[in-house]
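As a plain string of letters, each chain reads:
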Amino acid sequence: MGHSRADPTPKNFGPSPTRTGLRRGPGPAFIKETFRLHPSTPLSLPRIANESCEILGYHIPKGATLLLNVWAIARDPKEWADPLTFKPERFLPGGEKADVDVRGNNFEVIPFGAGRRMCAGMSLGLRTVQLLTATLAHAFDWELPDGLNPEKLSMEEAYGLTLQRKVPLCVHPKPRLSPEVY
Ligand code: HEM
């Protein structure tokens, strides 16, 4: 006789995260938009020029340290409509960037870098962020303390090698599944 397990999906809350759901739909678009506006390493990793060269009229001397401003590229108003607004739908079918991904193929958003020395752990990193975000959204309802309005939440960033929130995030998770599935 098999033992029964509690269904982790409460009524009216939709299905659990699936592999398909992690690749397409609003979830991935939401995560792409987060990587666009708040890339984890805003200046990527420094590079050193092997040779002197000229790029778009700029002379780059041999040995120069080069920083790529990934943060600014992903907010370039020539590339992005309404660049400072969080709009995941730009990555959905019919959106201005429906075919753009964050895997180094589209240079306007490269949170993992691009080319031969891009992030070696990109697939693991991306899947971890997707799975963790989907699981947290599925398992909890989230509330801001003191009735704070999400629109008023400070999204200011503190400058550093990795991007941090200037004001730490404080949220209250409320379990929404049966206790035995946590
Ligand atoms: C969300 C998670 C992650 C982000 C946003 C990220 C981002 C980056 C970026 C921007 C670079 C520099 C790429 C360049 O210079 O063009 C990099 C390099 C690198 N990352 Fe990640 N990374 C993440 C997760 C990981 C994980 C999980 C691992 C390992 C398991 C990893 C391993 C590496 C390595 C080894 C390099 C150096 C590659 C090289 O220089 O050839 N990363 N990462």
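Please read all numbers here as calculations on a predicted model, not as lab measurements.

Side chains of a nonpolar character, in soluble globular proteins, are inclined to be buried together. Of all hydrophobic cores here, the largest spans 11 residues; its members are Ala29, Ile31, Phe35, Trp80, Phe91, Val100, Val102, Val109, Phe112, Met122 and Leu126. Counting only elements with at least two residues in this core, the list comes to α2 (26-37) and α4 (122-139). By residue number, the principal contributor to this core is α2, which donates 3 residues.

The subject of this paragraph is the packing of aromatic side chains. Across all of its chains, the model carries 5 aromatic pairs by this definition. Between the aromatic rings of Phe30 and Phe86, the centroid separation amounts to 5.4 Å while the plane-to-plane angle is 80°, which identifies the pairing as edge-to-face. Here Phe30, found in helix α2, pairs with Phe86, found in the loop between α3 (70-73) and α4; they are 56 residues apart in sequence, far enough to count as distant. By relative accessible area, Phe30 is classed as partly exposed at 40%. Residue Phe86 is classed as partly exposed on the basis of its relative accessible area, which comes to 35%. Look at Phe140 and Tyr182: their rings are 5.4 Å apart centre to centre, the planes differ by 40°, and that puts the pair in the tilted class. One end of the pair, Phe140, is in strand β5 (residues 140-143); the other, Tyr182, is in the segment after β8 (172-175), with 42 residues separating them in the sequence. Ring pairing ties together the aromatic residues Phe140, Trp142 and Tyr182, which thus form one cluster. In this structure, Arg36 packs its charged tip against the face of Trp80, placed 5.0 Å from the ring centre. We note Lys97 situated over the ring of Trp80; from NZ or CZ to the ring centre the distance is 4.8 Å.

Of all protein atoms, just one serves as a donor to the iron atom of the ligand, and that atom is Cys119 (SG), at 2.3 Å. Relative to the helices and strands, Cys119 resides in the loop between α3 and α4.

Moving on: the site of the ligand. The ligand sits among 18 residues. The nearest are Thr41, Arg47, Pro111, Arg117 and Cys119. In this structure, Arg47 approaches the ligand through a side-chain N or O atom, which is 2.4 Å from an oxygen atom. Interatomic distance of 2.6 Å between a side-chain N/O atom of Arg117 and an oxygen atom of the ligand. A total of 3 residues in the shell around the ligand trace back to one element, the largest contributor, which is α4. For the shell around the ligand, the class distribution of residues is 10 nonpolar, 6 polar and 2 charged.

About the cut-offs
- Residues numbered from 1 in each chain as written.
- Predicted model: local features only at pLDDT ≥ 70, side-chain atom pairs only at ≥ 80, totals over all residues.
- Heavy atoms only, no water.
- Core = buried A, V, L, I, M, F, W, Y, C linked by side-chain atoms within 4.5 Å.
- Buried < 20%, exposed > 50% of the residue type's maximum accessible area, 1.4 Å probe, protein only.
- Helix = DSSP H or I, 4+ residues; strand = E, 2+ residues; numbered from the N terminus.
- Phe/Tyr/Trp six-rings, centres within 6.5 Å; stacked < 30°, edge-to-face > 60°.
- Lys NZ or Arg CZ within 6 Å of the ring centre and 35° of its normal.
- Donors = N, O, S within 2.8 Å, 3.2 Å for Na, K, Ca; no water.
- Near = heavy atom within 4 Å.
- Polar contact = N/O pair within 3.5 Å; in protein donor to acceptor, adjacent residues only side chain to side chain.
- Nonpolar A, V, L, I, M, F, W, Y, C, P; charged D, E, K, R; others polar.

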